[in-house]
Amino acid sequence: MRKLVIHLAVVLLATAGAGCAPASSESNAGRGEPETLELRYQGSVGTVTFPELAQDLGYLGDIKLNWIGNTISGPQDIQAVATGDADFGGAFNGAIVKLVAAKAPIKAVVGYYGSDKNTFQGYYTLDSSPIESARDLIGKKIGMNTLGAHAEAVLKEYLRRGGLTPEEIKQVQPVVVPPVNVEQSLRQRQIDVAVLGGVLRDKAVERGGLRLLFSDFALFGPFTAGSIVLTDRFIARNPTTARKFVEGVAKAVEWTQTHDREEVVARFKKIVQNRGRNEDPSLVGYWRSSGVAGRGGAIAEAEFATWVRWLEAEGEIEPGRVRPGEVFTNALNPLAGGAR
């Protein structure tokens, strides 16, 4: 996996202020009330995040979300948290491990996306493409939303399992293509394989002419792939806010896990229509499942240990530099029983 572009000096200089939001009053913590009532975050066009769903369902109580823009990159989202530009963000668990290895003081607190039989990241070629196996990808371009995260890690694992040597793997070319453009890039033969997930995958498959080469679900089975993070400082200075936020998000995850798809989609459409961002509410109609493996986003250690081992083997992090149990905590999530 290519190196994440982590501006470590910026991150380390900024951590003194990371996660600091205005406190509602100095006495709130003593009354068990949130220390701060506003959390800044980045959203995603045409989709509803679990914190947004939690707010709409009333699970965040008096805590309000302050949308500061959209992101298409998990690594960028959690870097914004580390530098204090946002109060929470989410990314692929491997990207979180890499940022922790770079000494960013962040903690994964609740899972928010993953893969199952209904929701997965697929690697698609054109029906007419001669590509049939991992070896056929040598010299080919694979379009994905960002480098150094979920899509590239899964690709490298597919290539490794396909018998390619490290030198051969280097000849496969992951390239960054905005998610909304990746299907078009594939159909125009600017890339050879497109990584597609969620609504973009379903709409592309509906239009026909594509063939699934492999998927993350086929490689790993059902698993939670990404988590929401807070900074250690934010948790320490805002313990009640942090706990109420994570509890609300966990309950929102569980809500999607226990309600009919039609009810979830209807709720998502209402949220998109009401938030006034000039989006197409029909996109959420393609939602199929949360993909989150653990109840309420509870994090399993294996969901980080897998990527720690992989990154060590790839030479991306030093062996022993990151211990999986230090990267995440379930202590703020009541649906996980509070166990780490």
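Preceding this section is the structure that the text describes.
Draft legend 1. Spatial organisation of the nonpolar core. Counting residues in each nonpolar core, the largest one holds 33 residues, and the members touching the most others are Leu53, Phe88, Val109, Leu230 and Phe245. Secondary-structure elements contributing two or more residues to this core are strand E1 (38-43), helix H2 (50-56), strand E4 (106-115), strand E10 (223-231), helix H10 (232-237), helix H11 (239-258) and helix H12 (261-274). For this core, the element with the highest residue contribution is H11, accounting for 7 residues. Those residues within four positions of phenylalanine 88 in sequence are excluded, and the remaining contacts are Leu39, Arg40, Tyr41, Pro51, Leu65, Val81, Ile228, Val229, Leu230 and Phe245. Ranked by size, the runner-up nonpolar core spans 31 residues in total, among them Ala104, Ala108, Ala153 and Trp307.

Draft legend 2. The environment of glutamine 190, seen in detail. Within the fold, glutamine 190 resides in the loop between helix H7 (179-187) and strand E8 (193-197). Remark: the alpha-carbon pair of glutamine 190 and isoleucine 142, spanning 48 residues in sequence, is separated by 9.6 Å. With residues near it in sequence (within four places) discarded, glutamine 190 still touches Lys141 and Ser185.

Draft legend 3. Spotlight on the packing of aromatic side chains. For the structure on display, the rule yields 11 aromatic pairs. On the basis of an interplanar angle of 85° and a centroid distance of 5.7 Å, the ring pair of phenylalanine 268 and tryptophan 287 is categorised as edge-to-face. With a gap of 19 residues between them, phenylalanine 268 in helix H12 and tryptophan 287 in the loop between H12 and helix H13 (302-314) connect regions that are remote in the sequence. Here phenylalanine 304 and phenylalanine 328 contribute two aromatic rings whose centre-to-centre distance is 5.7 Å and whose plane-to-plane angle is 5°, an arrangement assigned as stacked.

Draft legend 4. Structural view of the pattern of salt bridges. Using the criterion set out here, one finds 20 salt bridges in the structure. With its nearest N and O atoms 2.8 Å apart, the salt bridge here joins arginine 40 to aspartate 87. Taken together, the residues arginine 40 in strand E1 and aspartate 87 in the loop between helix H3 (74-82) and strand E3 (89-92) connect sequence positions 47 residues apart. As a salt-bridge pair, aspartate 56 and arginine 267 come within 2.7 Å of each other at their nearest N and O atoms. Of this pair, aspartate 56 sits in helix H2 while arginine 267 is found in helix H12, placing the two residues 211 residues apart along the sequence. By sharing partners, the salt bridges in this structure join Glu52, Arg275, Arg277 and Glu279 into a single network.

What counts as what
Residues numbered from 1 in each chain as written. Predicted model: local features only at pLDDT ≥ 70, side-chain atom pairs only at ≥ 80, totals over all residues. Heavy atoms only, no water. Core = buried A, V, L, I, M, F, W, Y, C linked by side-chain atoms within 4.5 Å. Buried < 20%, exposed > 50% of the residue type's maximum accessible area, 1.4 Å probe, protein only. Helix = DSSP H or I, 4+ residues; strand = E, 2+ residues; numbered from the N terminus. Contact = heavy atoms within 4.5 Å. Phe/Tyr/Trp six-rings, centres within 6.5 Å; stacked < 30°, edge-to-face > 60°. Salt bridge = Lys/Arg side-chain N within 4 Å of Asp/Glu carboxyl O.

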